[in-house]
Amino acid sequence: MELLVASGIGACMAAGIYLILRLRTFAVVLGMTMITYAINTFLFATGRLVVNLPPILHDGDAAAYTDPLPQALVLTAIVISFGMTAVVVMMSLGAFIEGGDDHINMPPDDREMPPLKTVNDQPEEERA
């Protein structure tokens, strides 16, 4: 069971990283969502993978116990990630409407770095 969950988390994380490295905003949003799913699954799995056991300690048996804290953390993370995904979708939609496409390429003017100025480039009067 643990190998299956770990493989799923790894595949989801790899797909998310691949999508984030694409040059389209929609793929970046999907990649962030995939990474969020991977992290939520990892957090949920930290509470122990057991079947049909309550999140409450019965009769002092620690082996028959599921930790409820990761479940609460995942629930909170789902709400936060949904809100952040909505914000990123609105930002990418605004960029698409203003730019006309959803490419993430930088404009040519932003790619050129201005020449660096050093202390020796200043006139003698301004240095003193």
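Residues numbered from 1 in each chain as written. Predicted model: local features only at pLDDT ≥ 70, side-chain atom pairs only at ≥ 80, totals over all residues. Heavy atoms only, no water.

*Asks:* So what exactly am I meant to see when it comes to the overall build of the chain here?
*Replies:* Along its length, the chain carries five helices and zero strands. Counting from the amino terminus, helix and strand elements in the chain follow one another as α-α-α-α-α. Here the chain holds 128 residues, and the buried ones make up 16% of them. Considering only residue pairs separated by 6 or more positions, the chain has 48% of its internal contacts joining residues 24 or more positions apart. Of the roughly 9900 Å² of accessible surface on the chain, a fraction of 69% belongs to carbon and sulfur atoms. (Helix = DSSP H or I, 4+ residues; strand = E, 2+ residues; numbered from the N terminus. Buried < 20%, exposed > 50% of the residue type's maximum accessible area, 1.4 Å probe, protein only. Contact = heavy atoms within 4.5 Å. Areas by Shrake-Rupley, 256 points an atom, 1.4 Å probe, with all protein chains shown as cover.)

*Asks:* Please clarify how the packing of helix α1 (residues 2–20) against helix α2 (residues 25–45) should be interpreted in this entry.
*Replies:* Helix packing geometry: the angle between the two helix axes and the distance between the axes. Across the interface, α1 lies against α2 with an axial gap of 7 Å and an inter-helix angle of 160 degrees. One way to sum up the angle between α1 and α2 is to call them roughly antiparallel. Every pair of crossing elements has a handedness; the one defined by α1 and α2 is left-handed. Partitioning the contact of α1 with α2 into residue classes produces 19 nonpolar, three polar and no charged. (Axes fitted to C-alpha atoms, helices over the stretch in contact; angles between N-to-C directions. Parallel < 35°, antiparallel > 145°, perpendicular 65-115°, else oblique. Left-handed = near helix turned anticlockwise from the far one by under 90°. Nonpolar A, V, L, I, M, F, W, Y, C, P; charged D, E, K, R; others polar.)

*Asks:* What should I look at first to understand α1 in this one?
*Replies:* A turn of α-helix holds 3.6 residues, and therefore any two residues three or four places apart point the same way. Over its 19 residues, α1 extends 27 Å from the first C-alpha to the last, a length consistent with the 27 Å expected when each residue adds 1.5 Å. Where α1 is concerned, the buried positions are Val5, Ile9, Cys12 and Gly16. Within α1, the buried residues cover an arc of 70 degrees as seen down the axis, which keeps them to one side. The outward face of α1, more than 90 degrees from its buried face, is lined by the exposed residues Leu3 and Leu4. (Expected span 1.5 Å × (residues − 1). Arc of directions from axis to C-beta.)

*Asks:* Sorry if this is basic, but what is going on with the side chain of Thr25 here?
*Replies:* Summarising the element assignment, Thr25 is placed in helix α2. Leaving out residues up to four positions away in the same chain, Thr25 has contacts with Ser92, Asp102 and Ile104.

*Asks:* Even after reading the chapter, I still don't get α2, so can you show me in this structure?
*Replies:* Relative to the 30 Å expected for 21 residues at 1.5 Å per residue, α2 spans 30 Å between its end C-alpha atoms, a close match to the ideal helical length. Residues Thr25, Ala27, Val28, Val29, Gly31, Thr33, Ile35, Ala38 and Asn40 constitute the buried set of α2. Taken together, the buried residues of α2 touch α1 and α3 (68–99).

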